[in-house]
Amino acid sequence: MAKVLFVNPMIREEDDPRHVPYGMALLASIADKKGHQVQIYDANAWRAGDRVLQEALQADDWDIIATGGISTTYGSVKQIVEFAGKYAPNALVTAGGGFLTSMPRDIMQFLPDLDLGVVGEAFETFPEILAKLDNDDRDFSNVKGVIYRDNLGKSKMTPERPLIEDLDSLPYPAWEMFPLDIYFKNSSILASEEGMVAKRRLDINASYGCSLICRFCFHLGISGDLEYIDDDHGNSDVAFTWKRNIRWHSPEYIVGLVKYAKEHFNIDFIGFLDENLMTMNKFTKGVWLPEICERWIDAGLQPQCIRDGVDHNPDFCDGVHWGGTSHATLYSKEVLTQMRSAGCSHLVYGLESFSDRILKNLGKGTTAKGNVNAVHDTLATGIRPIPNQIMGFPDDFFDSLRDSMRAWEELGVIVYPFLATPYPGSEWYYKYK
């Protein structure tokens, strides 16, 4: 069986390592369950420098070295790939994730030591790659969803890999393979009182996709937005559309996963990494989140402070608090109340701006008034709304900036706005490139 080394790149080097890489943990679990020999060097958690990275790459005769992430990990991924080419020349150097999926041909050009790229979802592609390595086969021309180099070194893309439909077929992530002591030490998240005093937080993905078309946002090729196109020379490349294939785990799977994390790692907080929890609730006609909340309580995961109606005390409160994402036009007060009862402490709202002109041009599907109502209604249920804000959109001017500043003052929002930076693969990335 293949010897696999996953290398988790550094992200947000100015901050502490806070999030176990969920996708990599799933792939590690998949590979492990198929009998492969899996090791992980978590460069983001350990931050041990170049020498230790080199030692990890030379520690064994690896068949494959796999890395990847979103576009903001590119600097670290570049170093990992270069080191792998130098210190593990016999290994197949592979990368995936949003940074590659958004521009596979460019990345293969930028990273000459990268042998193989996984385009889009890797849950079925990666084990197929490992199976070929088991047979000493490095011809990936018949593997869907990859970009590889032919005998002349030219990059070639294979046909698109379909998304898996049954997300519940995925195993639980291999959290135990990561240095959880480091991540638990950095569990605190500045989003709610309960989140700030969390001591053993883990994160999960309950769904994949979002119904919105925000023009600066990219859905990583796992939302049905990815399609292949051919240029005038017959070369395939990726394009991103407003098409959507929204997918979600069943409430039974989600609560089972959280209960597993509670029993095995004694967690006290779960962060939902989903793009938009309320999208899933809309697509299921309003039953998904309420059923999660009901099962959460039935499984004994409801926090003691919520159950007893007292202030949260992390030294005594049993159960699991949680936080996730929402949208100003998709929530309902009834659902928010149910979420709070199950332990939801905060929701991140991509409000972006309090200017109607900006919101319309973004494709947010909301208004400044809708944003204000979302803040008030969420606070009223006892959940902290975290209003994400961005400045510097293409049509931002003094009037729209002042609209937002007035709203911050009126709502009492303490904010550190992002500067508008369209993700590679988004509509505005190509428009303003």
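Provided above is the structure to which this section pertains.
Worth saying up front: this structure is predicted, and the values here are computed from it rather than measured.

**Some remarks on the side chain of Ser187**
In this fold, Ser187 is placed in the loop between helix H8 (180-185) and helix H9 (193-196). By relative accessible area, Ser187 is classed as buried at 0%. A polar contact of 3.4 Å, which involves the side chain of Ser187, links it to the backbone nitrogen of Arg200.

**Quick look at a nonpolar patch on the surface**
On the surface, Ile70, Leu220 and Tyr423 cluster together into a nonpolar patch covering about 210 Å² of accessible area. Within the element layout of this structure, Tyr423 appears in the loop between strand S17 (418-419) and helix H18 (427-432).

**Observations regarding helix H4 (residues 74-87)**
Over its 14 residues, H4 extends 20 Å from the first C-alpha to the last, a length consistent with the 20 Å expected when each residue adds 1.5 Å. For H4, the full list of buried residues reads Ser76, Val77, Ile80, Val81, Phe83, Ala84 and Tyr87. Projection of H4 onto a plane perpendicular to its axis shows the buried side chains occupying an angular sector of 165°, all on one side. Facing away from the buried side of H4 by over 90 degrees, the exposed positions are Gly75 and Lys86. Those residues of H4 that are buried lie in contact with strand S1 (3-8), helix H3 (50-57), strand S3 (64-68), strand S4 (92-96) and helix H5 (98-101).

**Concerning the sheet that holds strand S15 (residues 344-352)**
With parallel pairing, the six strands of this open sheet are ordered in space as S8-S13-S14-S15-S16-S17. The sheet terminates laterally at strand S8 (201-204) and S17, the two strands that pair on one side only. Where S15 and strand S16 (residues 384-391) come together, five bridges link them in parallel fashion. Bridge assignment links Tyr349 to a residue of S16, and that residue is Pro387. Each of S8 and strand S13 (269-272) touches helix H10 (residues 251-265); the most contacted strand, S8, lies at about 155° to it.

The rules behind these values
Residues numbered from 1 in each chain as written. Predicted model: local features only at pLDDT ≥ 70, side-chain atom pairs only at ≥ 80, totals over all residues. Heavy atoms only, no water. Helix = DSSP H or I, 4+ residues; strand = E, 2+ residues; numbered from the N terminus. Buried < 20%, exposed > 50% of the residue type's maximum accessible area, 1.4 Å probe, protein only. Polar contact = N/O pair within 3.5 Å; in protein donor to acceptor, adjacent residues only side chain to side chain. Patch = residues over 30% accessible without salt bridge, like charges linked within 9 Å, V, L, I, M, F, W, Y side chains within 5 Å. Areas by Shrake-Rupley, 256 points an atom, 1.4 Å probe, with all protein chains shown as cover. Salt bridge = Lys/Arg side-chain N within 4 Å of Asp/Glu carboxyl O. Expected span 1.5 Å × (residues − 1). Arc of directions from axis to C-beta. Contact = heavy atoms within 4.5 Å. Pairing = 2+ DSSP bridges. Axes fitted to C-alpha atoms, helices over the stretch in contact; angles between N-to-C directions.

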